[in-house]
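Chains, contacts and geometry: an overview
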Amino acid sequence: IPDFAGPLAGILAGLEWAAANASAEWVVSVPGDCPFVPRDLAARLHAARVKEDKPLACAKSGDWRHPVAGLWPVALRADLRRALIDEGLHKIEVWTARHGVALAEWSEKPVDPFFNVNRPEDLAEAERIAAQHPAA
């Protein structure tokens, strides 16, 4: 995908790799800057998808959606490729809305499982959280 196509290009790469190299029907994605990703992420995303009868699922904590923390069907890879290349689409939530996306919800207390580490002060906060909540 030319230029900076954003997270959707990474998701497409994962879907295409899974189609070519694995017998997987699904790919789970997570942001690389979230140190507290829940262990039950894939199971809860799948359960939300089934419960809401949607092809896609993403995570939510508190008032925030986390569209990169998602469950993606490999079968939609051609549609995603067309959206990226033919339409120049870069917004995850625009593409997922076309197909239907379920929300799997997590509490943000005592630790937001999708806390982002983007700056040195975020890293310091993540280290403090990890010391106080080793199971996170």
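Above this text is the structure in question.
What you are looking at is a predicted structure, and each value in this text was computed from that prediction instead of being measured.

**Some thoughts on the nonpolar core**
Residues L8, I11, L15, W72, L80 and W95 are the most contacted members of the largest nonpolar core, which totals 21 residues. Broken down by secondary-structure element, the contributors of at least two residues to this core are α1 (7-21), β2 (56-61), α3 (77-85), α4 (92-99) and β4 (101-106). The greatest single-element share of this core, amounting to 6 residues, is contributed by α1. Excluding residues that lie within four positions of it along the chain, W95 makes contacts with L8, L56, W72, L76, D79, L80, A83 and L89. Counting residues in hydrophobic clusters, the runner-up holds 12 residues, among them L41, A57, L71 and F114.

**Describing the pattern of salt bridges**
Using the criterion set out here, one finds 8 salt bridges in the structure. Measuring nitrogen to oxygen at the nearest pair gives 2.9 Å for the salt bridge that ties R119 to D122. Using a relative accessible area of 10% as the deciding quantity, one classes D122 as buried. Through salt bridges with shared partners, one network takes in R119, E121 and D122.

**With respect to the packing of aromatic side chains**
Going through the model one piece at a time under the given rule, you end up with 3 aromatic pairs. Ring geometry for F36 and F115: centres 6.3 Å apart, planes at 45°, overall tilted. Of the two residues, F36 is situated in the loop between β1 (26-29) and α2 (41-52) and F115 in the loop between β4 and α5 (120-132); the sequence distance between them amounts to 79 residues.

**As for the side chain of K60**
When you line up the elements, K60 lands in strand β2. Buried charged residue K60 carries no salt bridge. Nearest counter-charge: E105, at 4.0 Å. Discounting chain neighbours no more than four positions away, the residues touching K60 are R65, H66, L103, A104, E105 and W106.

**Some remarks on the pairing of β4**
With 5 of 6 residues buried, β4 is to be regarded as a mostly interior element. Direction of pairing for β2 relative to β4: parallel, over a ladder of 6 bridges. Residue pairing in the sheet places S61 in a bridge with W106 of β4.

**A word on the environment of E121**
Residue placement: E121 occurs in helix α5. Along the backbone, E121 and T96 are 25 residues apart, and their C-alpha atoms lie at a distance of 32 Å.

**What to know about α4**
Along α4, the residues that are buried comprise I92, W95 and T96. Seen end-on, α4 carries its buried residues on one side only, within an arc spanning 95°. Those residues of α4 that are buried are in contact with α1, β2, β3 (64-73), α3 and β4. Phi for G100, located one or two positions after α4, is positive at around 105°.

Each value, and the rule that gives it
Residues numbered from 1 in each chain as written. Predicted model: local features only at pLDDT ≥ 70, side-chain atom pairs only at ≥ 80, totals over all residues. Heavy atoms only, no water. Core = buried A, V, L, I, M, F, W, Y, C linked by side-chain atoms within 4.5 Å. Buried < 20%, exposed > 50% of the residue type's maximum accessible area, 1.4 Å probe, protein only. Helix = DSSP H or I, 4+ residues; strand = E, 2+ residues; numbered from the N terminus. Contact = heavy atoms within 4.5 Å. Salt bridge = Lys/Arg side-chain N within 4 Å of Asp/Glu carboxyl O. Phe/Tyr/Trp six-rings, centres within 6.5 Å; stacked < 30°, edge-to-face > 60°. Lys, Arg positive; Asp, Glu negative; His and termini not counted. Pairing = 2+ DSSP bridges. Arc of directions from axis to C-beta.

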